[in-house]
Amino acid sequence: MNKMTKKIVALSMLAFCSMSLMAQSLEIKGSIKNVPDQTAVTLLDGMANKEVATATVVGGQFQLKTTLSNTGIYVVSFKGIKTQIPLFIGNDVLTMEGDVNAPKEIAYQGSPSQDIYLSYMKKLDPLMSVYFGNLGAVQSEKDAVKKDSISKQAELQAQAIIAEYVSVSKMNSQSPVTTFFLFQMANIFPAVKENLTGYYAALGGDAKKGAFAEVIEKSLQSAVIGKIGSVLPEFTQNDVNGNPMKLSSLRGKYVLVDFWASWCGPCRAENPNVLKTFNTFKNKNFTVLGVSLDQDKAKWVEAIKKDGLAWSHVSDLKYWNNEVAVKFGIQSIPASFLIDPNGVIIGRDLRGDDLVKALNAVIK
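**Focus: the overall build of the protein**
Part 1 of the argument: Counting its secondary structure elements, the protein contains ten helices and 17 strands.
Part 2 of the argument: Taken over the C-alpha trace, the protein has a radius of gyration of 22 Å; the compact-globule value for 364 residues is 21 Å, and the two agree within 12%.
Part 3 of the argument: For the protein, with 364 residues in total, the buried portion stands at 49%.
Part 4 of the argument: The contacts of the protein with a sequence gap of at least 6 include a subset with a gap of at least 24, amounting to 65%.

What follows is the structure, encoded as structure tokens:
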């Protein structure tokens, strides 16, 4: 899932707001129907995953106030209500009006970044919905001919999505919201990730400031890490018992270094495949090292137990700021490196049958 994935996975979107035009603090004035009186409303920082403001709804009205350090992705949520409302905002005076049961129809005024975010979503959201629908169909389709046909459709849709991003980004090349969408595109489409340097070079001004610009720049700097044929750098993190564990302690084995988290839906869905592979090859000089992007140790340990992940696990419990993940340029999970007994990378992001095939090729 992408750092969004959860990294929000799914949380969303950054946008333009010149610092010289920004107010000194953020004020959100909400008028939202179908929210009971005295409901707590919270503004969550999507990147840091923490509350930055709270208020109480009275007569459908609420007011959130705080000071933000930078323009970014935030989420408004109401206690006891599933609807979450993503906002791409800075220190704006923002009004939002609508119905909590129809979040896509909520009207906003006062935030240039939110306006740009919504313009992207209007163009890309319908295309992405169809694309992900076809990806799901590919996974479930058993007929080889039909699977190939759906895959080709998905590839054409991917090209159309990238072209739409390029079109919209040209009109917003100075906007940090464009940087956010570039970050998303690179996580989803290999063609964008492979040419990330060129895409990022086309941006300027405020588009090269803020959290997502920092992530992309770190990713570009760490691009040399993780190449097939190179040695995966050494790292040390604590295991579930608080004891430090080095990657090199597993030298002499084939190792899948698996980046995941208890809150990551796609990771949990892939865990049965990893477990099946582990059980098949564990007596053939193969093991797994799980690196978790969790924050809550109890939930991390609970997920390990529930999913039956009978291998070594480490984490620094720093969420997306996990030092190993940052060092290796991990922008979405699940992500993995398959290394040989000497620590040389022989595969990346191998899932399901692809991982089994890679191991069968080297383990006789």
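Past the structure itself, the notes keep going.
**Digging into helix α6 (residues 211-221)**
Turn by turn, an α-helix covers 3.6 residues, leaving residues three or four places apart pointing in a common direction.
Part 1 of the argument: Buried within α6 are the following residues: F212, A213, V215, I216 and S219. On an axial view of α6, the arc spanned by its buried residues comes to 160°, and they lie on one face.
Part 2 of the argument: Where α6 is buried, its residues touch β7 (72-78), α3 (176-188) and α5 (196-201).

**Things to note about the sheet that holds strand β9 (residues 93-99)**
Part 1 of the argument: If you trace the four strands from one edge of the open sheet to the other, you get β6-β3-β9-β10, paired in mixed fashion. The open sheet terminates on both sides in strands that have one partner only, identified here as β6 (61-66) and β10 (107-109). Within the sheet, the average angular offset between the axes of one strand and its neighbour, ignoring direction, is 15°.
Part 2 of the argument: Two elements, β9 and β10, share three bridges in a ladder whose sense is antiparallel. Within β10, the position partnered with T95 by the bridge is Q109.

**Observations regarding the environment of I304**
Part 1 of the argument: With respect to the helices and strands, I304 occurs in helix α8 (residues 297-307).
Part 2 of the argument: Placed 14 residues apart in sequence, I304 and G290 show a C-alpha to C-alpha distance of 9.5 Å.
Part 3 of the argument: With near-sequence residues (within four places) excluded, I304 lies in contact with V240, W260, L309 and H313.

**Looking at the state of the cysteines**
Part 1 of the argument: Here the structure, examined in full by the defined rule, presents one disulfide.
Part 2 of the argument: The disulfide partner of C264 is C267, and the S-S distance across this bridge is 2.3 Å. One quick way to see it: the torsion about the S-S bond of C264 and C267 is about 75°, and its sign makes the bridge right-handed. Pair check on accessibility: C264 and C267 agree, each one buried.

**Considerations on the nonpolar core**
Part 1 of the argument: F235, V257, F259, F286, F328 and I333 are the most contacted members of the largest nonpolar core, which totals 46 residues.
Part 2 of the argument: Elements with a minimum of two residues in this core: β13 (254-260), α7 (265-281), β14 (286-292), α8, α9 (323-327), β16 (335-339) and α10 (353-362).
Part 3 of the argument: Not counting residues up to four positions away in its chain, the partners in contact with F286 are Y254, V255, L256, T277, F278, F281, L338, L359 and I363.
Part 4 of the argument: I73, I162, Y200 and L203 belong to the second largest nonpolar core, which has 31 residues in total.

**Concerning the confidence of the model for the protein**
Part 1 of the argument: Confidence in the prediction of the protein, expressed as mean pLDDT, is 90, and 93% of residues score 70 or more.
Part 2 of the argument: Note that pLDDT drops below 50 for residues 1-23; the model gives that stretch 100 contacts with residues more than four away or on any other chain.

**Focus on the pairing of strand β3 (residues 26-33)**
Part 1 of the argument: The pairing of β3 with β6 spans six bridges and is antiparallel. Bridging from a neighbouring strand, E27 pairs with K65 of β6.
Part 2 of the argument: Relative to β9, β3 runs parallel, the two being bridged by seven bridges. Paired with K29 across the two strands is T95, which belongs to β9.

**Structural notes on the sheet that holds β14**
Part 1 of the argument: Read across the sheet, five strands follow the order β15-β14-β13-β16-β17 without closing on themselves; strand pairing throughout is mixed. Of all the strands in the sheet, just β15 (312-314) and β17 (345-348) have a single pairing partner and so form its edges. Adjacent strand axes in the sheet meet at a mean angle of 20° when their direction is disregarded.
Part 2 of the argument: Pairing between β16 and β17: three bridges, direction antiparallel. Paired with I339 across the two strands is I345, which belongs to β17.
Part 3 of the argument: Contacting β13 and β14, α7 runs over the sheet at an angle of about 165° to β13.

**Some details on the pairing of strand β5 (residues 50-56)**
Part 1 of the argument: Bridge count for strand β4 (residues 40-45) against β5 is six bridges, and the pairing is antiparallel. Bridge assignment links D45 to a residue of β5, and that residue is K50.
Part 2 of the argument: Two successive antiparallel strands, β4 and β5, enclose a turn made up of four residues, where N49 displays a positive phi of approximately 60°.

**Some thoughts on the side chain of N322**
Part 1 of the argument: When you line up the elements, N322 lands in the loop between β15 and α9.
Part 2 of the argument: Exposure remark for N322: the relative accessible area of 0% places this residue in the buried category.
Part 3 of the argument: Discounting chain neighbours no more than four positions away, the residues touching N322 are Q237, V291, S292, L293, S315 and D316.

**Structural notes on the pattern of salt bridges**
Part 1 of the argument: Applying the stated criterion across every chain yields a total of six salt bridges.
Part 2 of the argument: For K318, the salt bridge is made with E323, and the minimal N-O distance between the two is 2.6 Å.
Part 3 of the argument: K318 sits in the partly exposed class, given a relative accessible area of 37%.

Calculation rules
- Residues numbered from 1 in each chain as written.
- Predicted model: local features only at pLDDT ≥ 70, side-chain atom pairs only at ≥ 80, totals over all residues.
- Heavy atoms only, no water.
- Helix = DSSP H or I, 4+ residues; strand = E, 2+ residues; numbered from the N terminus.
- Rg over C-alpha atoms; globule rule 2.2 N^0.38 Å.
- Buried < 20%, exposed > 50% of the residue type's maximum accessible area, 1.4 Å probe, protein only.
- Contact = heavy atoms within 4.5 Å.
- Arc of directions from axis to C-beta.
- Pairing = 2+ DSSP bridges.
- Axes fitted to C-alpha atoms, helices over the stretch in contact; angles between N-to-C directions.
- Disulfide = S-S within 2.5 Å.
- Core = buried A, V, L, I, M, F, W, Y, C linked by side-chain atoms within 4.5 Å.
- pLDDT = per-residue confidence, 0-100.
- Salt bridge = Lys/Arg side-chain N within 4 Å of Asp/Glu carboxyl O.

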